[in-house]
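So you can see what is in the structure, the chains are spelled out below.
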Amino acid sequence: MEIINKIKKDGLMPAIKFAAQVLSEKINKSVFNIAQHFPIKDNYIVFESSPDLSDNAYALYDYMDKNGILKKYKTIWLVNNPKNYKNTKSVLYLQKGWGNLAIRTYAMIAVSKYYICDHNCLIAKKRDEQTVIYLSHGIGFKANKGTPNVKNNFSYIVTHGNLSTEMMMMYYKVNHDKMAELGYPRNDYLFEKNDAIKNKFETEYHFSNYSKVILWMPTFRQCISKQLSEDYIKNNTGLPLFNTLEDLNQFDQFLKKENILLILKLHHLQANLPVFAQKFSNLLILKDSDLNKLGTQLYQFIPLTDALITDYSSIFVSYLLLDKPIMYTLDDYDEYEKSRGFKMENTKQYLRGDHIYKVTDLEKALLDIKAGKDKYKKERNETIKTFYNYPDNNSAKRIVEFFGL
């Protein structure tokens, strides 16, 4: 009946694709259930992230690899396209599930001692002998939407302090004994002095030619996925403040006049909107593919910038550790609250920096930063205490020690 309704609604080909996904998921689940009867492999460790090989899962993997910890493991990375990667004796790349036929993947998940994920945890049911570590992909204030259900399938959720623990407990309805306040591995990168990466970006984008390099990371409001787009926003850009291409062009002229480079790092689900195919002079659209090209993780790149523009996204919590100015676009605060909502009441009290409601507010804040003014330094440092138990570069180390990896 579901397939017939799908044909009536979307046509034959989408219905066939949907049927194939349903069948694949049933086969995957059957393989997983059978494989659960086989002994656990204590030296098997599975990693998963989104995008592939990124974020907290990759940062932990990177730490373990550099410190020789992975030598005792058979490492399995779950990726969207295994053909893009070369298997080695120690690392195996397997197809992610979620609608794909992935028999070997689910067989491996079922027998692996450790499963570490930060986004789409694919494990259907955790065995008692398994350790499933959910690193998550950030603690922001926006209410969850489209988040995988990991409630009953993890051993621990890793957080970085009391407030993030409270938010996770509230959302997943779990007790404090499921929380591990150890910090995010990706934040360790923020403390690194990496001249090789700095030189790569200088060669590619010539950061030293500009008076300031500003990072803008908005939470995605509009994207190629209808399910994840916010209902209230109908403009051409999916951005706050700027509704049209012409608005962006005018702002680009301001940036050019002030010799400021603004790097717009879009969520990968938003980056392919048509408006972002446009070329600007001082507004740089940075995609995940650009970071991959330079062999750089996002959190290795972030320290190269002088200030951040964001909103309700979790990036501001990480950026606090850099002790640099942060600006928050809040022009759609009321609409966002009605459409998606926030995890906590009085969200604005945690946003220590310039509150931006119109383009002229943003321009004034950028001119202050260009002039070396940092009006919210004291408030930011106080906010760090709210979010972090350990504002340092030892999160990956703590995780390894806590779980005996």
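Refer to the structure presented above.
Predicted model only: the values in this text are computed from it and were never measured.

Student: For this particular structure, what's the right way to read the overall build of the chain?
Tutor: Helix and strand counts for the chain come out as 14 helices and 13 strands. The burial tally for the chain puts 55% of its 405 residues in the buried class. Sequence separation of 24 or more characterises 66% of the internal contacts of the chain that already satisfy a separation of 6 or more. If you sum the accessible surface of the chain, you get close to 19200 Å²; carbon and sulfur atoms cover 50% of it.

Student: Would you explain the pattern of salt bridges in this entry?
Tutor: Oppositely charged side chains are able to pair whenever their charged atoms sit close together. Applying the stated criterion to the full structure yields 19 salt bridges. The closest approach of N and O atoms between lysine 265 and aspartate 288, which form a salt bridge, is 3.1 Å. Of this pair, lysine 265 sits in strand S9 (residues 260-265) while aspartate 288 is found in helix H8 (residues 288-293), placing the two residues 23 residues apart along the sequence. Note on lysine 265: relative accessible area 6%, which makes it buried. Looking at aspartate 288, the relative accessible area reads 21%, which means it is partly exposed. The partner of aspartate 354 in a salt bridge is lysine 375, and the shortest N-O contact between them spans 3.1 Å. Of this pair, aspartate 354 sits in strand S13 (residues 354-356) while lysine 375 is found in the loop between helix H12 (359-370) and helix H13 (377-387), placing the two residues 21 residues apart along the sequence.

Student: Is there a simple way to explain helix H6 (residues 195-205) in this structure?
Tutor: An α-helical turn contains 3.6 residues, so any two residues separated by three or four positions project in the same direction. Residues of H6 that are buried include every one of Ile197, Phe201 and Tyr205, and no others. Taken down its axis, H6 places every buried residue within 40 degrees of arc, on the same side. Those residues of H6 that are buried lie in contact with strand S10 (283-286), H8 and helix H9 (298-301). Here H6 starts with a cap whose side-chain oxygen sits 3.3 Å from the backbone nitrogen of alanine 196, and that cap is asparagine 194. Just downstream of H6, histidine 206 is the residue with a positive phi angle, here 55 degrees.

Student: Where do I start with the side chain of serine 318 in this structure?
Tutor: Tracing the backbone shows serine 318 in helix H10 (residues 315-319). Each residue touching serine 318, except ones within four places of it in the same chain, is listed here: Arg186, Asn187, Leu190, Tyr299 and Tyr388.

Student: Any chance you could explain the pairing of S10 here in plain terms?
Tutor: Regular strands place their side chains on alternate faces of the sheet. Burial of S10 is two-sided: the residues Leu283 and Ile285 facing one way and the residues Leu284 and Leu286 facing the other way are all buried. Note that S9 and S10 share four bridges and pair parallel. By the bridge assignment for S10, lysine 265 is matched with leucine 286.

Student: Teacher, can you tell me more about the sheet that holds strand S3 (residues 91-95) here?
Tutor: By definition, the strands of a sheet pair up through backbone hydrogen bonds, in either a parallel or an antiparallel sense. Judged by pairing direction, the sheet is parallel, and its seven strands sit side by side in the order S3-S2-S1-S4-S5-S6-S7 without closing on themselves. Strands with a single pairing partner mark the edges of an open sheet, and in this sheet they are S3 and strand S7 (179-181). Each strand axis lies, on average, 25 degrees off the axis of its neighbour in the sheet, ignoring direction. The pairing of strand S4 (residues 112-117) with strand S5 (residues 131-134) spans four bridges and is parallel. Opposite cysteine 117, over in S5, you have tyrosine 134 as the bridge partner.

Student: Teacher, can you tell me more about a nonpolar patch on the surface here?
Tutor: Residues Leu23, Ile27, Leu101 and Ile103 make up a contiguous nonpolar surface patch of roughly 340 Å² in combined accessible area. On the basis of relative accessible area, leucine 23 is assigned to the exposed category, the value being 51%.

Student: Would you mind showing me how to read the sheet that holds strand S12 (residues 326-329) here?
Tutor: Taken together, six strands build an open sheet; the order of strands is S10-S9-S8-S11-S12-S13 and the sheet is parallel. Each edge of the open sheet carries a strand with a single partner, namely S10 and S13. Between one strand axis and the next, the sheet turns through 25 degrees on average, direction left out of account. Alignment of strand S8 (residues 212-216) against S9, held across five bridges, turns out to be parallel. Counted as the bridge partner of leucine 215 is isoleucine 263 from S9. Packed onto the sheet, helix H7 (residues 245-258) meets S9 and S10 and runs at close to 140 degrees relative to S9.

Student: Teacher, can you tell me more about the packing of aromatic side chains here?
Tutor: Each aromatic ring pair is specified by the distance between its two centres and by the angle formed by the two planes. Applying the stated criterion to the full structure yields 20 aromatic pairs. Consider the rings of phenylalanine 32 and tyrosine 106, whose centres lie 6.5 Å apart with planes at 85 degrees: the pair is edge-to-face. Residue phenylalanine 32 is located in helix H2 (residues 12-35), and its partner tyrosine 106 is located in helix H4 (residues 103-111); the two are separated by 74 residues in the primary sequence. Assigned by exposure class, phenylalanine 32 and tyrosine 106 land together as buried. Centroid distance tyrosine 156 to phenylalanine 402: 5.4 Å. Interplanar angle 90 degrees. Geometry classified as edge-to-face.

Student: I keep staring at the environment of isoleucine 116 and nothing clicks. Help me out?
Tutor: If you trace the backbone, isoleucine 116 turns up in strand S4. You can call isoleucine 116 buried: its relative accessible area is 0%. Sequence separation between isoleucine 116 and threonine 131 is 15 residues; the distance between their C-alpha atoms is 8.4 Å. Look past the residues within four positions of isoleucine 116 in its chain and what remains in contact with it is Ile45, Val46, Phe47, Glu48, Ala57, Leu60, Ile133, Leu135 and Leu405.

Student: For this particular structure, what's the right way to read the packing of H7 against H12?
Tutor: Helix packing geometry: the angle between the two helix axes and the distance between the axes. Interaxial distance between H7 and H12 falls to 12 Å at its minimum, and their mutual angle equals 15 degrees. In terms of orientation, H7 and H12 fall into the roughly parallel class. At the point where H7 passes H12, the crossing takes the right-handed sense. Contact residues: Phe251, Phe254, Leu255 and Glu258 in H7; Val359, Leu362, Glu363, Leu366, Leu367 and Lys370 in H12.

Definitions and cut-offs
Residues numbered from 1 in each chain as written. Predicted model: local features only at pLDDT ≥ 70, side-chain atom pairs only at ≥ 80, totals over all residues. Heavy atoms only, no water. Helix = DSSP H or I, 4+ residues; strand = E, 2+ residues; numbered from the N terminus. Buried < 20%, exposed > 50% of the residue type's maximum accessible area, 1.4 Å probe, protein only. Contact = heavy atoms within 4.5 Å. Areas by Shrake-Rupley, 256 points an atom, 1.4 Å probe, with all protein chains shown as cover. Salt bridge = Lys/Arg side-chain N within 4 Å of Asp/Glu carboxyl O. Arc of directions from axis to C-beta. Polar contact = N/O pair within 3.5 Å; in protein donor to acceptor, adjacent residues only side chain to side chain. Pairing = 2+ DSSP bridges. Axes fitted to C-alpha atoms, helices over the stretch in contact; angles between N-to-C directions. Patch = residues over 30% accessible without salt bridge, like charges linked within 9 Å, V, L, I, M, F, W, Y side chains within 5 Å. Phe/Tyr/Trp six-rings, centres within 6.5 Å; stacked < 30°, edge-to-face > 60°. Parallel < 35°, antiparallel > 145°, perpendicular 65-115°, else oblique. Left-handed = near helix turned anticlockwise from the far one by under 90°.

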